[in-house]
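Descriptive structure summary
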Amino acid sequence: MDHLVKEALEGEFRVNLHDADSIRRGLISYMVRVVGHDPLAAGPRQWFQALAHMLKGILSERGMGTSRAQYGQDTRRVYYLSMEFLTGRRLKKHLLDFGLEENVREALASLGQDLDVLAKEEADPALGNGGLGRLAACFLDSMATHRYPGHGYGIHYEFGMFSQTIEDGQQVEHPDSWLHGGNPWEFLRHSVTYPVRFNGRIVCFKDEKGHERCEWVDTNDVHAVAHDMKITGFDSPAISNLRLWAARATNDFDLRFFNEGNYIEAVKDKTTSETLSKVLYPMDSTVLGQELRLKQEYFFVSASLQDIIARHLRVHNDLHNFHEKIAIQLNDTHPALAVPELMRLLMDVHEMEWDEAWAITRETFCYTNHTLLPEALETWPVGMLEHVLPRHLEIIYLINHDHLQQVRFRFPGEMEVLRKMSLVDEDTQRIRMAHLAIVGSKRVNGVAALHTKLLREKVFPEFDAMYPNRFVNVTNGVTQRRWLLQCNPKLSDLISEAIGDSWKTDLTALHALEPLAEDAAFRERFNAIKLANKERLARHLETRTGFTLDPTSMFDVQVKRIHEYKRQLLNLLHVIHRYVQLREGRIANPVPRTVVIGGKAAPGYYLAKQIIRLIGDVALTINNDRAVNDTLKLVFLPNYNVSNAEITIPGANLSEQISTAGTEASGTGNMKFALNGALTIGTLDGANIEIKEEVGDDNIFIFGLTTEQVQETKRKGYNPWKVVEHDADLRRVVDMISSGYFNPQQVNRYNSIRDTLFDGGDQYMVLADFRAYVEAQAHVDDLFTDSDAWARKAILNVARMGLFSSDRSIHTYARDIWGAKQMDL
Ligand SMILES: *Cc1c(COP(=O)(O)O)cnc(C)c1O
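Residues numbered from 1 in each chain as written. Predicted model: local features only at pLDDT ≥ 70, side-chain atom pairs only at ≥ 80, totals over all residues. Heavy atoms only, no water.

**Notes on the side chain of Gln-113**
Within the secondary structure, Gln-113 is located in the loop between helix H5 (101-110) and helix H6 (115-119). When residues no more than four places from it in sequence are discounted, the contact partners of Gln-113 are Ala-42, Gly-43, Pro-44, Trp-47, Leu-108 and Leu-118. (Helix = DSSP H or I, 4+ residues; strand = E, 2+ residues; numbered from the N terminus. Contact = heavy atoms within 4.5 Å.)

Right, dumping it as structure tokens:
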């Protein structure tokens, strides 16, 4: 068999990747035989497809090798369950990982095609909201690069994150039809299909052996169909699989309707069940308790677990050693139904007893918490669960029964603790998914040192006391392959020339750059690269906003989801303050600045959308005012996504990471910017704290209230009016916003923003941190006037970012959480 496969691969489709001529012949062949287009008439779109199909063949071959090695070596597999994967475009990533970019570029050039133009033909698969989904993508990259047996599981949304345009100053959402032109990377596996059940009722009975068994009957079923995407690692023989489930109606149309002769009704039913994987919920850091979302969560969890069990049973006789061979990571609580679902499968389908099933379950799962915000903690109404997943509700109650027994034992007589720790919120009759995930997991991790500390001390102190070794920290990281090598080729070349290539798979190697901060020639080249990246960004922004920008001005950038806790509003208050100062000639030698803000607001998040609108109104006023003499520009970058991030981040001088202390779990944008040589202005929040420790206090601009000070200020009774009363500059700025200075045609437009700052109590301490922020920005200006001093610090930032690679995160998970080993390949 083996030699047959080999023979077939050596036929006409075999391409020698080391030879641009051979690649060209291959491309022509794929164009004719797979794309079905005449090479003489083909454009970039068709050449992109031919190239993608050619690479897909290589992906498949190498994937087979990894898969065989995994079965052969039988080491523990890691399954990463996530509702979101924000992978970004694939083409250049694969070329980079395979080391093929130059040969392919040359082959395409001989066909009159430009690789960079082709690459833009690919839709950016936006199957995630922001940081959480992007983290999942970085982790898959690191697992493949470092040969861990990792597999991703998620949802094959037909529509991912909406694309954003700004019309009349306001955000408009457009459906993201990323599959419109087809997805050449995916392998549709009709044969890998599992039924997923909903509703129905439970019938319990005694089996032949006298054991109590339960059956879930009269259910409404949907099929989950696997779509696989191959994830390559850098210069690595390992390939990971990302399996995304799409919902398909079961073949049996509703017979009732058929028998009544109502064909159309029966087909309607079919489309309803397919809405399950239709669209990604476009909300970051908030939850909406909708039944469709609950069903999405269960849908992908159930299909994934059935698949994981099937794979296990392919090489093992039974499930008794399941937890020894498998670790399953839950990315937030979105997949937390995996806990009762595994219990159900083990007991009801595989006839295991409760005690053993529970022991296996608790040894299998690990849970990553991503948020401290109460509005982002998932809970589901008991009534909804009872209707949608009756068996799971029963299992959750049984888990809770045992759990509360242990709580009573650990905290005897403490009724309040018992109420607090229960999986059920008795007041609201809702199931607390975080509690379910904690109880059902071997390890629970936060995503930055401060976040983990707050989880242990403030959010779940009783759980931490009861399970002393369960809570651990794994600070997030980003992959340097996408966030430096791919997005900033010029800086990457400079670094490699100076210190060699090893940083690409070991980011701590960047330490070797430190002495070069003192090398004037190196600083000059570093600055020239930054300028070139700013010019690229300026062109990008100019075509999208219509404003002209000065690439030599300081590029001050805040790109991330628009959210009150991330405080784009604080940024804007500073911009307005600066505008006033400039107009009045109160800054002697103003440092020219271009402030860039970008990000999407959840469609139902009124205040976030108002903030976008205000940015637009302020931008129009400032950018058209000759009085500020072009020393200040403000632009809103529309449609922030991975592709736009790749252009934006390398072009920043200043990185805005200014969340209210104690609200941002980690942040990963902060890491990407510093890695690309931006200096950070930030609060002591999330991973900013660890970034500060690494780069040194002199190389970062830290300001504002600490987490304790925020809590203390609130405890004492924080009064926003008092703050404004004592700060004339701030008063002026908020008066301009509330009096309609930037929008005379509708002066009440921003009442909601004023109200949140005053009557609403300024929950995120925007006003409280204003003065400290303005002062920190003055230090930023001072430093920027000394371009040599700035460059020294920027280089030191790059050199000291070694800790923030997702490679380090993954090695830590593998060692401390999963007990996973690197494969021999
Ligand atoms: C990195 C990234 C994020 C996360 O940014 P934060 O600043 O950590 O919130 C969000 N969206 C995209 C597209 C990203 O690349």
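**A closer look at the state of the cysteines**
Evaluation of the coordinates by the stated rule reveals 1 disulfide. A disulfide bridge connects Cys-204 with Cys-214, and the sulfur atoms are separated by 2.2 Å. Judged by the torsion about the S-S bond (95 degrees), the Cys-204/Cys-214 disulfide is right-handed. Highlighted residues: Cys-204 in strand S6 (residues 201-206) and Cys-214 in strand S7 (residues 212-217), separated in sequence by 10 residues. Cysteine Cys-138 shares no disulfide, and the gap to the nearest cysteine sulfur, in Cys-487, comes to 11 Å. (Disulfide = S-S within 2.5 Å.)

**Things to note about the sheet that holds strand S8 (residues 220-232)**
Pairing is mixed across the open sheet formed by 9 strands, whose spatial order is S5-S8-S9-S2-S1-S10-S11-S15-S16. Pairing within the sheet leaves two strands with one partner each, and these edge strands are strand S5 (187-198) and strand S16 (471-473). Pairs of neighbouring strands in the sheet enclose a mean axial angle of 25 degrees, with direction left out of account. Here 5 bridges tie strand S2 (residues 150-155) to strand S9 (residues 239-249), and the two strands are oriented parallel to one another. Across the sheet, the residue bridging to Gly-152 is Leu-242, located in S9. Relative to S16, helix H18 (residues 449-459) is tilted by about 165 degrees, and along the sheet it contacts strand S15 (443-446) and S16. (Pairing = 2+ DSSP bridges. Axes fitted to C-alpha atoms, helices over the stretch in contact; angles between N-to-C directions.)

**Quick look at the site of the ligand**
What surrounds the ligand is a group of 13 residues, the closest being Lys-560, Lys-566, Thr-668, Gly-669 and Lys-672. Taking Lys-560, its side chain carries an N or O atom lying 2.8 Å from an oxygen atom of the ligand. One nitrogen or oxygen atom from the side chain of Lys-672 is found 2.6 Å from an oxygen atom belonging to the ligand. Protein contact buries 95% of the 390 Å² of open area that the ligand shows by itself. Elements supplying a minimum of two residues to the shell around the ligand: helix H7 (131-145) and helix H26 (669-675). Here the residues of the shell around the ligand are counted per class, giving 3 nonpolar, 6 polar and 4 charged. (Near = heavy atom within 4 Å. Polar contact = N/O pair within 3.5 Å; in protein donor to acceptor, adjacent residues only side chain to side chain. Areas by Shrake-Rupley, 256 points an atom, 1.4 Å probe, with all protein chains shown as cover. Nonpolar A, V, L, I, M, F, W, Y, C, P; charged D, E, K, R; others polar.)

**Thoughts on the nonpolar core**
Leu-51, Leu-81, Trp-245, Phe-299 and Trp-818 are the most contacted members of the largest nonpolar core, which has 257 residues in total. In this structure, Leu-51 is in contact with Leu-27, Leu-91, Val-104, Leu-108, Leu-115 and Leu-118, ignoring residues within four places of it in sequence. (Core = buried A, V, L, I, M, F, W, Y, C linked by side-chain atoms within 4.5 Å. Buried < 20%, exposed > 50% of the residue type's maximum accessible area, 1.4 Å probe, protein only.)

**As for the environment of Gln-329**
Following the sequence through the fold, Gln-329 ends up in strand S10 (residues 326-331). The class for Gln-329 is buried, based on a relative accessible area of 0%. A polar atom in the side chain of Gln-329 sits 2.8 Å from the side chain of Thr-368. Side chain to side chain, Gln-329 and Trp-818 meet in a polar contact 2.7 Å long.

**Structural notes on the layout of surface pockets**
Rolled over the atoms, a probe with the dimensions of a water molecule shows which regions are left empty. Here the largest pocket defines a volume of roughly 1400 Å³. Looking at the largest pocket, it is lined by 48 residues, and the ones nearest its centre are Lys-92, Asp-116, Ala-119, Gln-486 and Glu-646. Those elements giving two or more residues to the lining of the largest pocket turn out to be helix H3 (44-73), helix H4 (91-98), H5, H6, helix H20 (480-486), helix H21 (489-499), helix H22 (520-545) and helix H25 (642-648). The element contributing the most residues to the lining of the largest pocket is H22, with 5 residues. (1 Å grid on protein atoms, 1.4 Å probe; cavity = no way out; pocket = protein on both sides within 12 Å on 5 of 7 lines; lining within 4 Å. Points joined across faces, edges and corners; volume = space filled by probe spheres on them.)

**A closer look at the pattern of salt bridges**
Where charged atoms from two side chains of opposite charge approach closely, those side chains can pair. Inspection of every chain in the model, using the stated rule, returns 52 salt bridges. Among the ionic pairs, Asp-218 bridges to Arg-201, the shortest N-O distance being 2.8 Å. Residue Asp-218 is found in the loop between S7 and S8, and its partner Arg-201 is found in strand S6; the two are separated by 17 residues along the sequence. In this structure, the salt-bridge partner of Arg-523 is Asp-788, at a minimum N-O distance of 3.0 Å. With a gap of 265 residues between them, Arg-523 in helix H22 and Asp-788 in helix H33 (residues 787-799) connect regions that are remote in the sequence. (Salt bridge = Lys/Arg side-chain N within 4 Å of Asp/Glu carboxyl O.)

**Details of the sheet that holds strand S19 (residues 632-637)**
Taken in spatial order, the 6 strands line up as S19-S18-S17-S20-S21-S22 in an open sheet, and their pairing is parallel. Bordering the open sheet on either side are S19 and strand S22 (701-702), each of which pairs with just one other strand. Relative to strand S21 (residues 679-682), strand S20 (residues 654-657) runs parallel, the two being bridged by 4 bridges. Bridging across to S21, Ser-655 finds its partner in Thr-680. In this fold helix H24 (residues 606-623) packs onto strand S18 (593-598) and S19, with an angle of close to 145 degrees to the strand it touches most, S19. Strands S20, S21 and S22 of the sheet are contacted by H33, whose axis makes an angle of about 85 degrees with S21.

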